[in-house]
Amino acid sequence: MSDMLARLELEISSCRRCADRFQATATRHAPRPVLYPSRTARLLIVGQAPGARVHASGVPFDDRSGDRLRDWLGVDRATFYDRRRVAIVPMGFCFPGYDARGSDLPPPPLCADTWRQQVLDQMPQVELTLLIGQYAQAWHLGKSRKKTLTETVAAWRDYGPAYLPMPHPSWRNTAWLKRNPWFEDEVLPWLKAQVALLTG
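From a predicted model like this one, the values you see are computed outputs, not experimental measurements.

Some points on the overall build of the protein chain
In terms of regular secondary structure, the protein chain is built from 10 helices and four strands. Secondary structure of the protein chain in N-to-C order comes out as α-α-β-α-α-α-β-α-β-α-α-β-α-α. Here the C-alpha radius of gyration of the protein chain, 16 Å, is about what a compact globule of 200 residues would show, namely 16 Å. Dimensions of the protein chain along its principal axes, counting C-alpha atoms only, are 45 × 45 × 35 Å. Considering the protein chain as a whole, with its 200 residues, one finds that 50% of them fall into the buried category. Residue pairs in contact within the protein chain that sit at least 24 positions apart in sequence constitute 70% of those at least 6 positions apart.

Set out below in structure tokens:
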């Protein structure tokens, strides 16, 4: 990792800009930034933000969503967490918390506004960026994004070879996968082949 990227990661890891915001949520938690930037990885994974379990462990995608994502990619945990081969830089680095109804809060825009471009500028070697969910797609694709997540993912060929829009691998999206079998039939075989090339 470059000195600049290492310094950025250290600075981000100590960031407490959203401490008051998180204290005001139903979970009343402290910031804990979680990211795996890399100077060598050609594959970048961009999710929404860490969930409660990742907040507790400090390991990205250390949950059932991560299990499904690794299955989609066709990689084991050792490959997935090898920062020489895979970078993980979510839209929000900290768990945003839950609202009063127990629903996930969105990642605070302040995080991406403050850090995102700085980190990406230090990773010019990335060849494929996986855009998981609407927040990642909105930031990276801008006006080229379609009206809905489903339409954006269905148009996945339009964004290659640099980007691949994807649904979140959450088990809450099992019904979406059943309604859209083309994702597993068409997108995942292409994705697995690309990941094998980029991480091999």
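This is not the end of the story, as more comes after the structure.
Some thoughts on the side chain of Thr25
Along the chain, Thr25 falls in the loop between α2 (19-23) and β1 (43-46). By relative accessible area, which is 10% here, Thr25 ends up buried. Among the polar contacts listed, one links the side chain of Thr25 to the side chain of Thr27, at a separation of 2.9 Å. Contacts of Thr25, omitting those with residues within four sequence positions, involve Pro96, Gly97, Tyr98 and Leu105.

Section: the sheet that holds strand β2 (residues 86-88)
Note on sheets: strands pair through backbone hydrogen bonds, and any given pair is parallel or antiparallel. The four strands are arranged β2-β1-β3-β4 in an open sheet whose pairing can be described as parallel. Strand pairing shows two members of the sheet lacking a second neighbour, β2 and β4 (163-166), which therefore form its edges. Each neighbouring strand pair of the sheet contributes to a mean axis angle of 20°, computed without reference to strand direction. Pairing of β1 with β2, which is carried by three bridges, proceeds in the parallel orientation. What sits directly across from Leu43, in β2, is Val86.

Focus: the packing of helix α4 (residues 64-73) against helix α10 (residues 182-199)
Where α4 contacts α10, the two axes come as close as 7 Å, and the packing angle between them is 75°. When the axes of α4 and α10 are compared, the pair comes out roughly perpendicular. Taken together, the residues of α10 that come into contact with α4 (itself represented by Asp71, Trp72 and Leu73) are Phe183, Glu184, Leu188, Leu191, Lys192 and Val195. Here the contact of α4 with α10 is composed, by residue class, of six nonpolar, no polar and three charged.

Brief notes about α10
Here α10 spans 25 Å end to end across 18 residues, near enough to the 26 Å set by a 1.5 Å rise per residue. If you look at α10, its biggest bend is around 35°, right at Leu188, and the proline Pro189 turns up within four residues after that. For α10, the complete set of buried residues consists of Phe183, Val187, Leu188, Leu191, Val195, Leu198 and Thr199.

Side note on the packing of aromatic side chains
Using the criterion set out here, one finds nine aromatic pairs in the structure. Seen in terms of ring centroids, Tyr36 and Tyr81 are 6.2 Å apart; in terms of plane orientation they differ by 70°. Their pairing is edge-to-face. Taken together, the residues Tyr36 in the loop between α2 and β1 and Tyr81 in the loop between α5 (77-80) and β2 connect sequence positions 45 residues apart. On the basis of relative accessible area, Tyr81 is assigned to the buried category, the value being 18%. Ring centres 5.1 Å apart and planes at 70° place the aromatic pair Trp72 and Phe183 in the edge-to-face group. Here the residue Trp72 occupies a position in helix α4, and Phe183 occupies one in helix α10, the gap between them amounting to 111 residues. Neither Trp72 nor Phe183 differs from the other in exposure class; each is buried.

Rules behind the numbers
Residues numbered from 1 in each chain as written. Predicted model: local features only at pLDDT ≥ 70, side-chain atom pairs only at ≥ 80, totals over all residues. Heavy atoms only, no water. Helix = DSSP H or I, 4+ residues; strand = E, 2+ residues; numbered from the N terminus. Rg over C-alpha atoms; globule rule 2.2 N^0.38 Å. Buried < 20%, exposed > 50% of the residue type's maximum accessible area, 1.4 Å probe, protein only. Contact = heavy atoms within 4.5 Å. Polar contact = N/O pair within 3.5 Å; in protein donor to acceptor, adjacent residues only side chain to side chain. Pairing = 2+ DSSP bridges. Axes fitted to C-alpha atoms, helices over the stretch in contact; angles between N-to-C directions. Parallel < 35°, antiparallel > 145°, perpendicular 65-115°, else oblique. Nonpolar A, V, L, I, M, F, W, Y, C, P; charged D, E, K, R; others polar. Expected span 1.5 Å × (residues − 1). Bend = angle between axes of the 7 residues up to and from the residue. Phe/Tyr/Trp six-rings, centres within 6.5 Å; stacked < 30°, edge-to-face > 60°.

Interpretation in functional terms is not warranted from these geometric data alone.
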